[in-house]
Protein chains: 2
Amino acid sequence: MPPFDVPEGDPFGPHNLPYGVFSLNDPPSPPSPGTHPEHTTERAAERTSERANSRTPERATERATERTVGVRLGDHVLDAGAAALALGSPYAGLLARPTLNPLLAAGRTAWSDVRRALTAWVTVPAHRETLAPHLHPLSEVTLHLPFEVADYVDFYASENHARNVGQIFRPDAADSLTPNWKHLPIGYHGRSGTVVVSGTEVVRPSGQRKPPTDAVPVFGPSVRLDIEAEVGFVVGAPSPMGTPVPLSAFRDHVFGLCLLNDWSARDIQAWEYVPLGPFLGKSFATSVSAWITPLDALTDAQVAPPSRTHPLLPYLDDSEDEPGGYDLRISVAINGHIVSEPPFSTMYWTAAQQLAQMTVNGASLRTGDLYGSGTVSGQPDSERGSLLELTWNGRDTLTLPDGERTFLEDGDEVTMTAWAPGPDGTRVGLGEVTGRITPAP
Amino acid sequence: MPPFDVPEGDPFGPHNLPYGVFSLNDPPSPPSPGTHPEHTTERAAERTSERANSRTPERATERATERTVGVRLGDHVLDAGAAALALGSPYAGLLARPTLNPLLAAGRTAWSDVRRALTAWVTVPAHRETLAPHLHPLSEVTLHLPFEVADYVDFYASENHARNVGQIFRPDAADSLTPNWKHLPIGYHGRSGTVVVSGTEVVRPSGQRKPPTDAVPVFGPSVRLDIEAEVGFVVGAPSPMGTPVPLSAFRDHVFGLCLLNDWSARDIQAWEYVPLGPFLGKSFATSVSAWITPLDALTDAQVAPPSRTHPLLPYLDDSEDEPGGYDLRISVAINGHIVSEPPFSTMYWTAAQQLAQMTVNGASLRTGDLYGSGTVSGQPDSERGSLLELTWNGRDTLTLPDGERTFLEDGDEVTMTAWAPGPDGTRVGLGEVTGRITPAP
């Protein structure tokens, strides 16, 4: 029997161990003989201090005194901080914290060391009795935004997606890609303050839109509310201003990845985005999965990106590097009905190239920087990562069991899941990202 | 004699009192009888805790144990936290801190109360002896980034600037403004992690650019490095997701303003910005003044914005509100030579309209959010706020005492200053924002 009762083949087995931040749904029971009250006090003090200094008091005060780092194991979460304290581990200072930021900031060597320790804790039978009180069913915890987002950048790295969008919005253009597309990964900054954890309801945004038949814009709730299936990369180790991060240093800075839904109000975006890019069409909400999968869990999923059709400048040339793509199989469901299965392996630009691009001008990195891959779309219709593409901007309809869709209706719940090849034929599950649309006020 | 020897007519007199964060250049001397050592210990503990939790460890560790909130008075800075402690003020908890964030988060009533208290401290002669040890010459302190920047947004609100840019880049267009320009304040998100305090050197960014004569892009240091003279608005009180902030609530959320230089690499920007907007052309550095001027110091500078040429949707219609413009007279100097005097009163969109726009889709506000007005350009050539406009994209040259310029050269130092009308014929000075260009590595 595997330790902690994870079934064979579970995509969240001991080969995965993604990180999150959780709190118990019920008040904690009195300390049992196996716990250390003084550590509880110490952690509570840390949390109080963290809360006082937080940039986001309204978020941090909600349940803040109960939050701590957890590691997912099957359908349970291990209280990693409590486990570290119970085992006398030196990593308690990184894990008995209300956010992943201290672990993220600790750097690549620490990431590997902590992962090695966690793997031992959940696989060595001798630890089972000590750790059992710190293993909680997922049904009994609340998952929180696992790190404080510093800057949020969104890229545009799927050639299929970019060509679809180009054909939809610029049908008369000689090339569906803009002239720069094959020379650099195009990106822009988004709003980090509205990055929310999976499960957070998304209020339908209102704003200006200008229907082609109207002379002036009208105001109201978006009527073309969309999704974008993306993968988000989480920066751990910072870099100084003025110093680009080369392709080869990607793994030194990026800790892991998550699923990301870049909610998009297409009608608001279409009216506002020339000449300075998307703004309110995106900034109302961006959802991320509650679990951050460390890159160390995904070494079996590394694949070569598509072959390049244009020569690359040296700072983006990865032809001599380890494979920069990741074979992540994404599923997108609306109200439980799968509408698309975008393959991340088709992305033209890799996460390492995006990091090199983002910093080539000397921009610094901070712990907690998050960057989205851009919408993931495969070549077939069934692999398109947005409703814009799936319905060709509303020309076609999707047929769901509960009716037809062009864009999202109030009450719709969108859920993205994914898995990647793991060691020895296993699967590495990514945490889901889900969100339900509530009506505009 | 005015208290603390501020000369009559000084733009940083007791009518101004902008806030900053400073540290003493020399180690502090031993406590004198007028100080309270226990408070020093308490503050040091707070700072240590703040540092441990900071999102920006590389910034926060530099001198972090010495930083505290200061208020400028003439050519001195009052250690506001030490002053509060010495006088037994209840505001010590907001002022004896290494960042303005706690004060920003405290909200409008607290802002007014603290300002009223500070005004009394620096004007009532009885306090002079108590406060004298806490007043330091500006020459003996280092000024730091005064708050932790949450999200950074940049707008595009000067009609003169937008028309100039339109004529330069789209000479064949029927209208130099895009169709949306008069209907909403156009904005986009920038990189908050590279917002730096005045005085920070700016490394010339490298990146891709595609000269029109080349078939493919080339890589290298920017050859069209530019400035943008802007005013930055600092959000204090947060707002929840899903709830727009109306025009009337502007003063409840925005604490004050600063000068802002939105450094821009025009060649990098031109190649990258279609279709998702500026990214690396801007993200290498944004400089802000070290002093944040509270809006309460600028009530005499409020002016009506230019008359609107297009009807506005209700959420942007400020025709019944108090005047939303600010009469700020900006000067831009290169190596000490004034090259432009942009008048902020000419801005078409006000800061209140920008805040309403930024949140109309339900995007939340966080303490420390910063938004730039966009380049300030008046109608005459002498009032243009960027070299792009001053030299018409390099067609013309500026003649400085040390040679001709189209764009910035290595070693150039750009300094922006400003003042506004204050009470009784006084001037309210804004803190300068300055930065020197260093060569690309």
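Treat the numbers as computed from the prediction; the structure is a model and nothing was measured.

Enquirer: Explain the overall build of chain A to me, please; I cannot follow it from the model alone.
Expert: Secondary structure summary: chain A contains 12 helices and 26 strands in total. Relative to the globule expectation of 22 Å for 441 residues, the C-alpha radius of gyration of chain A, 22 Å, shows essentially globular dimensions. Seen through its C-alpha atoms, chain A measures out along the principal axes to roughly 70 × 50 × 45 Å. Looking at chain A as a whole, 62% of its 441 residues are labelled buried. Nonlocal contacts in chain A, meaning residues at least 24 apart in sequence, comprise 76% of its contacts between residues at least 6 apart.

Enquirer: So what exactly am I meant to see when it comes to the sheet that holds strand β4 (residues 135-137) of chain B here?
Expert: Residues and elements named next belong to chain B. Here we have 5 strands laid out as an open sheet, ordered β4-β3-β2-β1-β5, and antiparallel in their pairing. The open sheet has two edge strands with one neighbour each: β4 and β5 (141-144). Across the sheet, the axes of successive neighbouring strands diverge by a mean angle of 45 degrees, strand direction being ignored. With 3 bridges joining them, strand β3 (residues 76-79) and β4 adopt antiparallel strand pairing.

Enquirer: What is the right way to read the relation of the copies chain A and chain B from this model?
Expert: One copy of the chain maps onto the other through a rotation about an axis followed by a shift along the same axis. Rotating chain A by 180 degrees and translating it 0.0 Å along the rotation axis places it on chain B, where the RMSD comes to 0.0 Å. What the superposition gives is, in effect, a two-fold axis relating one chain to the other. Minimal C-alpha separation from the rotation axis in chain A is found for Gly 277 of chain A, amounting to 2.1 Å. Both copies present the same face, since 100% of the interface residues in chain A are matched by interface residues at the equivalent positions in chain B.

Enquirer: What's the story with the domain arrangement of chain A in this structure? I'm lost.
Expert: As a measure of interface size, the accessible area lost when the parts come together is often cited. Residue and element names in this part refer to chain A. Segmentation of chain A into domains returns domain 1 (19-144) and domain 2 (152-438). With 19 residues of domain 1 at the interface, the matching set in domain 2 holds 22 residues. Overall, the association of domain 1 and domain 2 removes approximately 1,700 Å² of surface from exposure, summing both partners, and the carbon and sulfur fraction of that is 63%. Connecting domain 1 to domain 2 are 1 salt bridge. In this structure, Asp 252 engages Arg 108 in a salt bridge whose closest nitrogen and oxygen atoms are separated by 3.4 Å. For the interface between domain 1 and domain 2, the tally reads 3 residue pairs in polar contact (both at pLDDT 80 or more). Put simply, the parts of the chain that give the side of domain 1 that touches domain 2 at least two residues each are β1 (19-24), β2 (68-73), α5 (101-105), α6 (108-123) and β5 (141-144). A breakdown of the residues in the side of domain 1 that touches domain 2 according to their chemical character gives 10 nonpolar, 5 polar and 4 charged.

Enquirer: Can you help me understand the packing of aromatic side chains in this one?
Expert: Each aromatic ring pair is described using two quantities: the centre-to-centre distance and the angle formed by the ring planes. What the rule picks out here adds up to 18 aromatic pairs over all chains. Residues Phe 219 of chain A and Tyr 315 of chain B carry aromatic rings whose centres are separated by 5.0 Å and whose planes lie at 40 degrees to one another, so their mutual orientation is tilted. With Phe 219 of chain A in strand β11 (residues 218-221) and Tyr 315 of chain B in the loop between β18 (302-303) and β19 (325-326), this pair bridges two chains. The exposure class of Phe 219 of chain A is partly exposed, given its relative accessible area of 38%.

Enquirer: I'm lost on the environment of Ala 86 of chain A in this one. Help?
Expert: By the secondary structure assignment, Ala 86 of chain A is in helix α3 (residues 80-86). Taking the C-alpha atoms as reference points, Ala 86 of chain A and Leu 24 of chain A, 62 residues apart in sequence, are found 18 Å from one another.

Enquirer: What is the right way to read helix α8 (residues 159-169) of chain B from this model?
Expert: Residues spaced three or four apart along an α-helix point in a common direction, a consequence of the helix completing one turn every 3.6 residues. The element α8 of chain B is largely enclosed, with a buried count of 8 among its 11 residues. On its buried face, α8 of chain B is in contact with α12 (387-390) of chain B.

Enquirer: Sorry if this is basic, but what is going on with a negative patch on the surface here?
Expert: Residues and elements named next belong to chain A. Together, Asp 317, Glu 320, Asp 321 and Glu 322 line one region of the surface with negative charge. Its place among the elements puts Asp 317 in the loop between β18 (302-303) and β19 (325-326). We classify Asp 317 as partly exposed; its relative accessible area is 35%.

Enquirer: Explanation requested: the interface of chain A and chain B in the structure shown.
Expert: Between chain A and chain B, the contact holds 68 residues from the first and 69 residues from the second. Joining chain A to chain B, the criterion identifies 2 salt bridges. Close ionic contact of Asp 369 of chain A with Arg 191 of chain B constitutes a salt bridge, the shortest N to O distance being 3.1 Å. Counting across the interface, chain A meets chain B through 24 residue pairs in polar contact (both at pLDDT 80 or more). Among the secondary structure elements, those contributing two or more residues to the side of chain A that touches chain B are α1 (37-53), β6 (152-155), β7 (187-190), β10 (206-209), β11, α10 (266-272) and α11 (351-359) of chain A. Across the side of chain A that touches chain B, the residue classes break down as 37 nonpolar, 21 polar and 10 charged.

Enquirer: Could you clarify how one ought to interpret the pairing of strand β25 (residues 413-421) of chain B in this entry?
Expert: Taken residue by residue, a regular strand's side chains alternate between the two faces of the sheet. Residues and elements named next belong to chain B. Across 6 bridges, strand β20 (residues 329-334) lies against β25 in antiparallel orientation. Within β25, the position partnered with Arg 329 by the bridge is Trp 419. From the end of β25 to the start of strand β26 (residues 427-438), which pair antiparallel, there are 5 residues, and Asp 424 there has a positive phi angle of about 60 degrees.

Enquirer: Quick question: what am I supposed to make of the confidence of the model for chain A here?
Expert: Residue and element names in this part refer to chain A. Within chain A, residue pLDDT values average 92, and 90% of them lie at 70 or more. When the elements of chain A are averaged for pLDDT, helix α2 (residues 57-61) gives the smallest value, 36, and strand β13 (residues 229-235) the largest, 99. For this predicted complex, the interface confidence score (ipTM) comes to 0.91, while the overall pTM stands at 0.92.

Enquirer: What exactly am I supposed to notice about helix α11 (residues 351-359) of chain B here?
Expert: Within α11 of chain B, 9 of the 9 residues are buried, which leaves the element mostly enclosed by the surrounding structure. Tucked inside the fold, the buried residues of α11 of chain B contact β6 (152-155), β13 (229-235), α9 (250-253), β14 (254-261) and β22 (370-372) of chain B.

Enquirer: Is there a simple way to think about unusual backbone geometry in this case?
Expert: It is generally the case that most residues other than glycine have a negative phi and that most peptide bonds are trans. Look at the link from Val 274 of chain A to Pro 275 of chain A: it is a cis peptide, with omega at 10 degrees. Take Pro 275 of chain A: it is sitting in the loop between α10 and β16 (286-288). A positive phi angle, near 50 degrees, is found at Trp 392 of chain A, a position not held by glycine. Residue Asp 424 of chain B is not a glycine yet carries a positive backbone phi of 60 degrees.

Enquirer: What am I meant to see in the sheet that holds strand β26 (residues 427-438) of chain A here?
Expert: Hydrogen bonds along the backbone pair up the strands of a sheet, which may run parallel or antiparallel. Reading across from one edge, β9-β26-β25-β20-β21 (chain A) is the order of the 5 strands in this open sheet, with mixed pairing throughout. Strand pairing shows two members of the sheet lacking a second neighbour, β9 (202-203) and β21 (337-340) of chain A, which therefore form its edges.

Enquirer: Explanation requested: the pattern of salt bridges in the structure shown.
Expert: When charged atoms on two side chains of opposite charge get close, those side chains can pair. According to the stated counting rule, one finds 40 salt bridges over all chains in the structure shown. A salt bridge links Arg 251 of chain B to Asp 296 of chain B; the shortest N-O distance between them is 2.6 Å. Placement of Arg 251 of chain B in helix α9 and of Asp 296 of chain B in the loop between β17 (293-294) and β18 is noted, with a sequence separation of 45 residues between them. Overall, Asp 296 of chain B belongs to the partly exposed group, its relative accessible area being 27%. Beyond isolated ion pairs, a larger network of salt bridges with shared partners links Asp 226, Glu 228, Asp 262, Arg 266 and Lys 282 of chain A.

Enquirer: How do you make sense of the side chain of Ser 264 of chain B when you look at a structure like this?
Expert: Residue and element names in this part refer to chain B. Relative to the assigned elements, Ser 264 resides in strand β15 (residues 264-265). At a separation of 2.8 Å, a polar atom in the side chain of Ser 264 contacts the main-chain carbonyl oxygen of Asp 262. The residues contacting Ser 264, other than those within four sequence positions of it, are Arg 224, Leu 225, Asp 226, Glu 228, Gln 269, Gly 281, Lys 282 and Phe 284.

Enquirer: Please explain the environment of Leu 398 of chain B as it appears in this structure.
Expert: Residue and element names in this part refer to chain B. Relative to the elements of secondary structure, Leu 398 occurs in strand β23 (residues 398-400). Along the primary structure Leu 398 and Leu 387 are separated by 11 residues, whereas in three dimensions their C-alpha atoms are 8.7 Å apart. If near-sequence neighbours (up to four positions away) are discounted, Leu 398 is found in contact with Val 339, Leu 387, Leu 390, Thr 391, Gly 403, Glu 404 and Arg 405.

Each value, and the rule that gives it
- Residues numbered from 1 in each chain as written.
- Chains lettered and ligands numbered in written order.
- Predicted model: local features only at pLDDT ≥ 70, side-chain atom pairs only at ≥ 80, totals over all residues.
- Heavy atoms only, no water.
- Helix = DSSP H or I, 4+ residues; strand = E, 2+ residues; numbered from the N terminus.
- Rg over C-alpha atoms; globule rule 2.2 N^0.38 Å.
- Buried < 20%, exposed > 50% of the residue type's maximum accessible area, 1.4 Å probe, protein only.
- Contact = heavy atoms within 4.5 Å.
- Pairing = 2+ DSSP bridges.
- Axes fitted to C-alpha atoms, helices over the stretch in contact; angles between N-to-C directions.
- Least-squares fit on C-alpha atoms with pLDDT ≥ 70 in both.
- Domains from an automatic or database assignment.
- Buried area = accessible area lost by both parts, 1.4 Å probe.
- Salt bridge = Lys/Arg side-chain N within 4 Å of Asp/Glu carboxyl O.
- Polar contact = N/O pair within 3.5 Å; in protein donor to acceptor, adjacent residues only side chain to side chain.
- Nonpolar A, V, L, I, M, F, W, Y, C, P; charged D, E, K, R; others polar.
- Phe/Tyr/Trp six-rings, centres within 6.5 Å; stacked < 30°, edge-to-face > 60°.
- Patch = residues over 30% accessible without salt bridge, like charges linked within 9 Å, V, L, I, M, F, W, Y side chains within 5 Å.
- Areas by Shrake-Rupley, 256 points an atom, 1.4 Å probe, with all protein chains shown as cover.
- Lys, Arg positive; Asp, Glu negative; His and termini not counted.
- Charge placed at Lys NZ, Arg CZ, Asp CG, Glu CD.
- pLDDT = per-residue confidence, 0-100.

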